[in-house]
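Fold and contact review
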Amino acid sequence: MKCPACDKTLSQKVAGNITVDACEGGCGGIWFDNFELKKVDEPDEAAGEVLLAIDRTKAIEVDQNKKRHCPRCETIIMMRHFFSVKRQVLVDECPKCGGFWLDAGELAAIRQQFSSDEVKEAVAEEYLSDVFDSYLATRLMRRQG
């Protein structure tokens with residue numbers, strides 16, 4: 001597979017019970033097949049530690065505005081979106097295979113967002129409550145007014 005950011009050939013890297021494809025010696029990005037990212041996205045998931053230090057060439061500059069093709073599906077352009085409700089880390093996701101491309105440093109940033117699934121769920125519930133409570137209140141006021 002080719003790196004969607006710098007076009008270098010990806011190499012396999014084992015992290016616990018998953019094998020990801022990394023751009024070692026290139027831009028330092030990582031490809032996660034569907035559901036693999038979930039296994040290393042929290043700081044207490046020790047398997048993810050090995051993926052925080054992918055060897056990269058600092059001289060390679062990645063164009064963050066360039067649309068990227070999925071390295072697995074090749075003809076599919078990935079969707080760029082925030083990884084969580086904290087809206088801090090943009091990731092690329094393939095709408096066909098469900099895989100994720102993370103640029104160098106994004107896994108570390110994701111792992112720092114939440115200490116556990118419970119904290120992640122609590123923040124998501126709070127966010128959704130804020131969004132929908134204000135939306136519903138506005139709709140109710142319009143009906144009454």
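In case you missed it, the structure is sitting above this.
Conventions we followed
Along each chain, numbering runs from 1 in the same order as the chain's sequence is written. The model is predicted, so local features are restricted to residues of pLDDT at least 70 and side-chain atom pairs to those at 80 or more, both for listing and for counting; the totals for chains, interfaces and linings are taken over all residues. Note: side-chain values were computed over all heavy atoms of the structure, leaving out hydrogens and water. Helix and strand definitions follow DSSP, with helices as H or I runs of at least four residues and strands as E runs of at least two, each counted in order from the N terminus. We call a residue buried when its accessible area falls under 20% of the maximum for its residue type, exposed when it is over 50%, and partly exposed in between, using a 1.4 Å probe and counting protein chains only. By definition, residues are in contact when any of their heavy atoms lie within 4.5 Å. To measure how exposed things are, a 1.4 Å probe is used in the Shrake-Rupley method; for residues, cover is taken only from the protein chains shown. We call two strands paired when DSSP finds no fewer than two bridges between them. Fitting a line to C-alpha atoms yields each axis, with helices limited to the stretch in contact; the angle taken between N-to-C directions then spans 0 to 180 degrees. In summary, the pairing rule links any two rings of Phe, Tyr or Trp, Trp by its six-membered ring, whose centres are within 6.5 Å, and it sorts them by plane angle into stacked for under 30 degrees, edge-to-face for over 60 and tilted for everything else. One speaks of a salt bridge when a side-chain nitrogen belonging to Lys or Arg is within 4 Å of a carboxyl oxygen belonging to Asp or Glu. The directions considered for the arc are those from the helix axis to the C-beta atoms. Side-chain atoms within 4.5 Å are what join buried Ala, Val, Leu, Ile, Met, Phe, Trp, Tyr and Cys residues into a set we call a nonpolar core.

Further remarks concern the overall build of the chain. Secondary structure assignment for the chain yields 2 helices and 6 strands. Shown N-terminal to C-terminal, the secondary structure of the chain runs as helices and strands in the order β-β-β-β-β-β-α-α. A buried classification covers 36% of the 145 residues belonging to the chain. Partitioning the contacts of the chain with sequence separation of at least 6, the portion at a separation of at least 24 is 53%. Summing over all exposed atoms, the chain offers an accessible surface of approximately 8,700 Å²; the carbon and sulfur share of this is 52%.

Sheet strands line up and pair through hydrogen bonds in the backbone, either parallel or antiparallel. Taken in spatial order, the 6 strands make up an open sheet running β1-β2-β3-β6-β5-β4, and their pairing is antiparallel. Strands at the two margins of the open sheet, each flanked by one partner only, are β1 (11–15) and β4 (79–82). Strand after strand, the sheet turns through a mean of 35° between neighbouring axes, direction not considered. Sheet topology places strand β3 (residues 30–32) next to strand β6 (residues 100–102); 3 bridges connect them, and they run antiparallel. Bridging across to β6, I30 finds its partner in L102.

Here we come to the packing of aromatic side chains. Under the defined criterion, the tally for this structure stands at 1 aromatic pair. Each ring, one from F83 and one from F100, has its centre 6.3 Å from the other, and the planes form 70°; the classification is edge-to-face. On the criterion of sequence distance, the pair formed by F83 in the loop between β4 and β5 (90–93) and F100 in strand β6 is long-range, its members being 17 residues apart.

So, about the pattern of salt bridges. According to the stated counting rule, one finds 7 salt bridges in the structure shown. In this structure, the salt-bridge partner of R72 is D33, at a minimum N-O distance of 2.9 Å. One end of the pair, R72, is in the loop between β3 and β4; the other, D33, is in the loop between β3 and β4, with 39 residues separating them in the sequence. D33 sits in the partly exposed class, given a relative accessible area of 22%. In this structure, a network of salt bridges that share partners links the residues R68, R80, D92 and D103.

The next thing to look at is helix α1 (residues 106–113). Buried residues of α1: E106, L107, I110, R111 and Q113, and no others. Buried positions in α1, seen along its axis, are confined to an arc of 150° and lie on one side of it. Contact partners of the buried residues in α1: β3, β5 and β6.

Attention now goes to the nonpolar core. One finds I30, F32, L37, V40, L51, L102 and L107 to be the most contacted residues of the largest nonpolar core, which totals 16 residues. Broken down by secondary-structure element, the contributors of at least two residues to this core are β2 (18–22), β3, β6 and α1. Among the elements that make up this core, the one with the highest residue count is β2 (3 residues). Core analysis: the next-biggest nonpolar cluster, separate from the first, contains 11 residues, C3, C23, C94 and W101 among them.

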